[in-house]
Number of protein chains: 2
Amino acid sequence: MSPTAPLRYAQQHTDAFVGELETLLRIPSVSTDPDHAHDVQQAAQWLAEHFRSLGVDAEVWPTDGHPVVYATHHPHDDAPTILVYGHYDVQPPDPLDEWDHPPFEPTHVNGDLVARGSCDDKGQMFMHVKALESYLKSDTTPPVNLTFLIEGEEEIGSAHLPQVLDTYADRLDADLVLISDTSMLAEGQPTITYGLRGLAYLEVTLQGPNRDLHSGLYGGAVENPINALSQMLADLHDDDHRVTIPGFYDDVRPLTDEERTTIAGLPFDEDHWLDEIGLDTARTENGYSILEAISVRPTLDVNGIWGGYTGEGAKTVLPAAAHAKVSMRLVPNQTPEVIYDAFEQCLRERVPDTMTLTVKRLHGGQPVLVEPDQPIMQAAGAAMDQTFDRETVFVRHGGSIPIVAEFQQRLGLDSVLMGFGLESDAIHSPNEKFGLDRYAKGIETIIHYYPELAKRLA
Amino acid sequence: MSPTAPLRYAQQHTDAFVGELETLLRIPSVSTDPDHAHDVQQAAQWLAEHFRSLGVDAEVWPTDGHPVVYATHHPHDDAPTILVYGHYDVQPPDPLDEWDHPPFEPTHVNGDLVARGSCDDKGQMFMHVKALESYLKSDTTPPVNLTFLIEGEEEIGSAHLPQVLDTYADRLDADLVLISDTSMLAEGQPTITYGLRGLAYLEVTLQGPNRDLHSGLYGGAVENPINALSQMLADLHDDDHRVTIPGFYDDVRPLTDEERTTIAGLPFDEDHWLDEIGLDTARTENGYSILEAISVRPTLDVNGIWGGYTGEGAKTVLPAAAHAKVSMRLVPNQTPEVIYDAFEQCLRERVPDTMTLTVKRLHGGQPVLVEPDQPIMQAAGAAMDQTFDRETVFVRHGGSIPIVAEFQQRLGLDSVLMGFGLESDAIHSPNEKFGLDRYAKGIETIIHYYPELAKRLA
């Protein structure tokens, strides 16, 4: 069965689909910022109301943090059920002055929709809503049951979603989770992600003297917390760019020769990748290619650092404390628990005796692998093949969607990661964008996926 | 001649002297912050008006930055002339939340006056105004001529004062410069500073990719500017806490055994010094005592660092750039020009090939030595001896007053650094304070200084 009517409906309503997404993008639902709590709440309400306007049952589930939007359309007693997961919260827009257009005023630029969340993940999540609408409004019964679980805390670690999965397990019964929150390897290259890196994200504070001091009166005899923290952070890598934390690589499953050959054969253009971010050279862990380094190897990055005087001009202060945010990307079979402990112990051993260290664990997520030869994955490949007229590749990806591991552990469900982003979409950066053609193709792919899945799970 | 009438006047007007200082402290004349430009201007006008209210001629000299207040009282044709230098600008009050009272609402706490600028330098500068007032209002002709030069840019490097010295050299003719902007070694221990460290203060920016990146998508193959800057800053010291910049120590005049013996004999309580800043241990350059390290040895401190995400919560960003403010304290015969160049060359050689470095020279000052056996210094010792009833010590000090070198070079004048601060006054820190007893004793000392100087320079 080819879903002709839904596909035609989608083609005829492209402009309306974009306009509705723009309405959602105008709500600055920045989950990490308490000043935006009301906006996050408003985005959830708007989305639930939008489901209802399509005739889909929807509820807003409160949590101890930001709410979850739950919606269902179950026309069958015995068809496969897809649990669509996505998120309506977004990253902060900082640094604001690097945006060419205001981040929450969606703007069309050369066929792209530019706005915070246009790709990650409002745009990709909303494609699933529009795919279902295309069935319903073309009077076509989708050949599957659909449950939507759209959360508001993905960008801050999905702290309350595990509890939601436990509490509402019976209302989340499904055959798989379907997620669009990943990227394609290249423009026009359909891509399914079968592996994700995990995450261990911490904040460290190194405290020296009891107050900020004058660097002229005290400099020379008081160890400076910024100098010391710099040393501790610098020591976390060796000259081969390997992480020096004892035990860091112990649980890393070695790559097989076959895996490395597959990765080397993927259509990945190193020069283009470098050019796009303004660099001549990459810096990878010794012996690994760029694609290996950003997808199947673990890493450590300082995500933020601050301390002392950072305003305009000169202030001769010897600061009382220095701070950093540090995160590690994990690969199978590392776990955040083990890596948190190893990181903290390593740092504690290096704290100068004039200082005290505080470590806050901000959020963690398990790395994930989903075997690509399953029917739920093959159906996704077939749907993408049809839309893009090109063979889909299966890849492992460097990002983290911690909730994917939670679906596996708490509901026993594998996730199909069918993403339509591009590296150049600048998610988490100024001028985030999403191609309007990919938005349309994403909706088309999802319309194809329902019958492809139904066929294989019949 | 003992200045009995002025001393009595000062004792009888203590409360009024404090009240007037409080009025000046309420003006938030933060010179580094463009938002406070109007307040800086207002402080200058207030001070000039105050001079005039005492019958002292005063002018406000505009500069290309903040203005200078110039005032004169020259009752003699052939008496020695004192050029009093001070500053009415103050450091920023950050971090604001660590103040027990608002920084610009002077508060009395246990005999101290707590406010930004109470010690550095409004309080100490204003003692000179009140000393002259004590002569004038007690109908006593001071036995010296007095010129006041009070600037508004000391905390940002006195950028425009050298030009003022050149332009108005004939109106600044004097026998010495008298400055109260330094500290005493201990409560009740009169102290004259005969040496100051110089300064070379820079801001560095290390730029990597052309925009902030997602640490999941790029982490592992893009060298992180914060990681790299941390390494570069860490490498600036060796394990003996010596600065590793090639040539850094080349021009340092070695300490003689006699100098080290003198320093070792000074009344300096290491345990108290450490206790007061909440530390158990100091960290000095190998082989040097605390007092040597903070006064006669050169240093390097990171004064501020920032980059990436520094807000609440977690943002998985791989930042495009990292920034730091770094300053070095210099000792004779180092010069800021040579040290600026050495620092910049050293850093440039260590920049990773995926990054570019920008270095901004924010401000510099020459180190200073004034021989203590001169009449102008001995007169100051005698004035302090009388007020404190204890023998004055002569010390070298770790701070920088770059303008002191300018007075030497441009006007050929040595400076007498007669300070009444204490380390515990927390200048440049939250809860800056100045003891009301020291404010009174400072005024008394200055009243004594005029005749002691006149006697020796007769």
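Residues numbered from 1 in each chain as written. Chains lettered and ligands numbered in written order. Predicted model: local features only at pLDDT ≥ 70, side-chain atom pairs only at ≥ 80, totals over all residues. Heavy atoms only, no water.

A. A look at the overall build of chain A. On a plain count of helices and strands, chain A comes out with 14 helices and 18 strands. On C-alpha atoms alone, chain A measures out to a radius of gyration of 23 Å, which is about the 23 Å that the 2.2 N^0.38 rule sets for 458 residues. Across the 458 residues that make up chain A, the buried fraction comes to 65%. In chain A, once contacts between residues fewer than 6 apart in sequence are set aside, the share between residues at least 24 apart is 79%. For chain A, the distance from the average position of its 30 positive side-chain charges to the average position of its 73 negative side-chain charges is 1 Å. (Helix = DSSP H or I, 4+ residues; strand = E, 2+ residues; numbered from the N terminus. Rg over C-alpha atoms; globule rule 2.2 N^0.38 Å. Buried < 20%, exposed > 50% of the residue type's maximum accessible area, 1.4 Å probe, protein only. Contact = heavy atoms within 4.5 Å. Lys, Arg positive; Asp, Glu negative; His and termini not counted. Charge placed at Lys NZ, Arg CZ, Asp CG, Glu CD.)

B. Geometry of the environment of Asn-303 of chain A. Along the chain, Asn-303 of chain A turns up in strand E11 (residues 299-308). By relative accessible area, which is 0% here, Asn-303 of chain A ends up buried. It is 5.5 Å that separates the C-alpha atoms of Asn-303 of chain A and Val-326 of chain A, two residues lying 23 residues apart in sequence. A polar atom in the side chain of Asn-303 of chain A sits 2.8 Å from the side chain of Ser-327 of chain A. A polar side-chain atom of Asn-303 of chain A sits 2.9 Å from the main-chain carbonyl oxygen of Val-317 of chain B. (Polar contact = N/O pair within 3.5 Å; in protein donor to acceptor, adjacent residues only side chain to side chain.)

C. View of unusual backbone geometry. Residues and elements named next belong to chain A. The residue after Asp-120, namely Asp-121, is reached through a cis peptide bond having omega 0°. Its place among the elements puts Asp-121 in the loop between strand E5 (112-114) and helix H4 (122-137). Phi at His-241 takes a positive value of approximately 65°, unusual for a residue other than glycine. Following the sequence through the fold, His-241 ends up in the loop between helix H7 (225-234) and helix H8 (257-265). A residue is classified by how much of its surface remains accessible, and His-241, at 15% relative accessible area, is buried.

D. Quick look at the relation of the copies chain A and chain B. Superposing chain A onto chain B takes a rotation of 180° plus a shift of 0.1 Å along the axis, which leaves an RMSD of 0.1 Å. The superposition of one copy onto the other is thereby described by a two-fold rotation axis. Counting the interface residues of chain A, we find that 100% of their copies in chain B are interface residues as well, pointing to one common contact surface. (Least-squares fit on C-alpha atoms with pLDDT ≥ 70 in both.)

E. How the structure looks around the packing of aromatic side chains. Going through the model one piece at a time under the given rule, you end up with 24 aromatic pairs over all chains. Seen in terms of ring centroids, Trp-61 of chain A and Tyr-70 of chain A are 4.2 Å apart; in terms of plane orientation they differ by 15°. Their pairing is stacked. On the basis of relative accessibility, which here comes to 5%, the residue Tyr-70 of chain A falls in the buried class. Between Phe-388 of chain B and Phe-420 of chain B, the ring centres sit 6.3 Å apart and the planes meet at 20°, which makes this aromatic pair stacked. One end of the pair, Phe-388 of chain B, is in helix H12 (residues 375-388); the other, Phe-420 of chain B, is in the loop between strand E17 (415-418) and strand E18 (433-435), with 32 residues separating them in the sequence. (Phe/Tyr/Trp six-rings, centres within 6.5 Å; stacked < 30°, edge-to-face > 60°.)

F. Representation of the interface of chain A and chain B within the structure. Contact residues are listed per partner, giving 83 residues for chain A and 83 residues for chain B. Both faces considered, chain A and chain B share a buried interface measuring about 7,300 Å² in area, 52% of it formed by carbon and sulfur atoms. Here chain A and chain B share four salt bridges between them. The salt bridge partner of Arg-283 of chain A is Glu-223 of chain B, with a shortest N-O separation of 2.9 Å. (Buried area = accessible area lost by both parts, 1.4 Å probe. Salt bridge = Lys/Arg side-chain N within 4 Å of Asp/Glu carboxyl O.)

G. Local environment of the domain arrangement of chain A. Residue and element names in this part refer to chain A. Domain boundaries in chain A define domain 1 (4-196 + 367-457) and domain 2 (198-252 + 298-365). Computed over C-alpha atoms, the centres of domain 1 and domain 2 are 35 Å apart. Together, the buried faces of domain 1 and domain 2 total about 730 Å²; carbon and sulfur atoms form 61% of this surface. Considering only the side of domain 1, the residues that lose the most area to domain 2 are Pro-367, Ser-400 and Pro-402, jointly responsible for 59% of the buried surface there. Our count for the domain 1 to domain 2 interface comes out at zero salt bridges. Inspection of the region where domain 1 meets domain 2 yields two residue pairs in polar contact (both at pLDDT 80 or more). By residue class, the composition of the side of domain 1 that touches domain 2 is five nonpolar, four polar and one charged. (Domains from an automatic or database assignment. Nonpolar A, V, L, I, M, F, W, Y, C, P; charged D, E, K, R; others polar.)

H. Inspection of the pairing of strand E6 (residues 145-151) of chain B at higher detail. Residues and elements named next belong to chain B. For E6, the tally of buried residues reaches seven of seven residues, placing the bulk of the element in the interior. Neither face of E6 is open: one carries Asn-145, Thr-147, Leu-149 and Glu-151, the other Leu-146, Phe-148 and Ile-150, and all of them are buried. Inspection of the sheet shows strand E2 (residues 68-73) paired to E6 by five bridges, in the antiparallel sense. When the bridges of E6 are listed, Thr-72 appears paired with Thr-147. Pairing geometry for strand E3 (residues 81-87) and E6, over seven bridges, is parallel. The residue bridging Val-84 from the neighbouring strand is Phe-148, located in E6. (Pairing = 2+ DSSP bridges.)

I. Region of the structure containing the UniProt feature "domain: Peptidase M20 dimerisation" (unreviewed entry) in chain A. With numbering aligned to this structure, UniProt lists the feature "domain: Peptidase M20 dimerisation" (unreviewed entry) at residues 194-353 of chain A. In this annotation, residues 194-353 of chain A is assigned 32% helix and 23% strand; the end-to-end C-alpha distance for the span is 46 Å. (UniProt positions renumbered as here; feature names shortened; annotations may be inferred.)

J. Representation of the environment of Ile-427 of chain B in the model. With respect to the secondary-structure elements, Ile-427 of chain B resides in the loop between E17 and E18. Here the alpha-carbon distance between Ile-427 of chain B and Val-404 of chain B, two residues 23 residues apart in the chain, equals 19 Å.

K. A look at the sheet that holds strand E13 (residues 321-330) of chain A. On the basis of which strands lie adjacent, the open sheet formed by eight strands has the order E14(A)-E9(A)-E13(A)-E11(A)-E11(B)-E13(B)-E9(B)-E14(B) and antiparallel pairing. Every interior strand has two partners, whereas the edge strands, strand E14 (356-365) of chain A together with strand E14 (356-365) of chain B, have only one. Geometrically, the sheet is characterised by an average inter-axis angle of 20° between neighbouring strands, direction not taken into account. Two elements, strand E9 (residues 198-207) of chain B and E14 of chain B, share nine bridges in a ladder whose sense is antiparallel. Each residue of the ladder has a partner; that of Leu-199 of chain B, found in E14 of chain B, is Gly-365 of chain B. (Axes fitted to C-alpha atoms, helices over the stretch in contact; angles between N-to-C directions.)

L. The layout of surface pockets, seen in detail. Residues and elements named next belong to chain A. Its volume calculated, the largest pocket comes out at about 470 Å³. As for the largest pocket, its lining consists of 30 residues, and the residues nearest its centre are Tyr-194, Ile-263, Phe-394, Val-395 and Arg-396. Elements represented by at least two residues in the lining of the largest pocket include exactly strand E8 (191-196), H8, helix H10 (290-295) and strand E16 (393-397). Classifying every residue of the lining of the largest pocket gives 17 nonpolar, seven polar and six charged. (1 Å grid on protein atoms, 1.4 Å probe; cavity = no way out; pocket = protein on both sides within 12 Å on 5 of 7 lines; lining within 4 Å. Points joined across faces, edges and corners; volume = space filled by probe spheres on them.)

M. Highlighting the side chain of Ser-118 of chain A. Residue and element names in this part refer to chain A. Looking at where Ser-118 falls in the secondary structure, it is placed in the loop between E5 and H4. On the basis of relative accessible area, Ser-118 is assigned to the buried category, the value being 0%. Beyond its immediate chain neighbours, meaning those up to four positions away, Ser-118 contacts Leu-25, Leu-113, Gly-123, Gln-124, Glu-432, Lys-433 and Phe-434.

N. View of the nonpolar core. Counting residues in hydrophobic clusters, the biggest one holds 109 residues, and the most contacted among them are Ile-82, Leu-149, Trp-273 and Tyr-449 of chain B. Among the elements that take part in this core, helix H14 (residues 436-457) of chain B stands out by supplying eight residues, more than any other. Sequence-distant contacts of Trp-273 of chain B, that is, excluding residues within four places in its chain, are made with Leu-217, Tyr-218, Ala-221 and Val-222 of chain A together with Phe-268, Ile-290 and Ile-294 of chain B. (Core = buried A, V, L, I, M, F, W, Y, C linked by side-chain atoms within 4.5 Å.)

O. View of the packing of helix H4 (residues 122-137) of chain B against H14 of chain B. Residues and elements named next belong to chain B. It is at 8 Å that the axes of H4 and H14 come closest, and there the two elements cross at 55°. It follows from the interaxial angle that H4 and H14 lie oblique. For the pair H4 and H14, the sense of crossing is right-handed. Each of Gly-123, Phe-126, Met-127, His-128, Lys-130, Ala-131, Leu-132, Ser-134 and Tyr-135 in H4 lies in contact with H14, whose residues at this interface are Arg-438, Tyr-439, Gly-442, Ile-443, Ile-446, Ile-447, Tyr-450 and Pro-451. (Parallel < 35°, antiparallel > 145°, perpendicular 65-115°, else oblique. Left-handed = near helix turned anticlockwise from the far one by under 90°.)

P. Main features of the pattern of salt bridges. As enumerated under the stated definition, the model contains 44 salt bridges over all chains in all. In this structure, Glu-49 of chain A engages Arg-52 of chain A in a salt bridge whose closest nitrogen and oxygen atoms are separated by 3.1 Å. Here Glu-49 of chain A and its partner Arg-52 of chain A are both found in helix H3 (residues 37-53), three residues apart, which amounts to about one turn of the helix. Classification of Glu-49 of chain A as partly exposed rests on a relative accessible area of 46%. Accessibility expressed as a relative area gives 37% for Arg-52 of chain A, which makes it partly exposed. For Glu-259 of chain B, the salt bridge identified is with Arg-396 of chain B, shortest N-O distance 3.5 Å.

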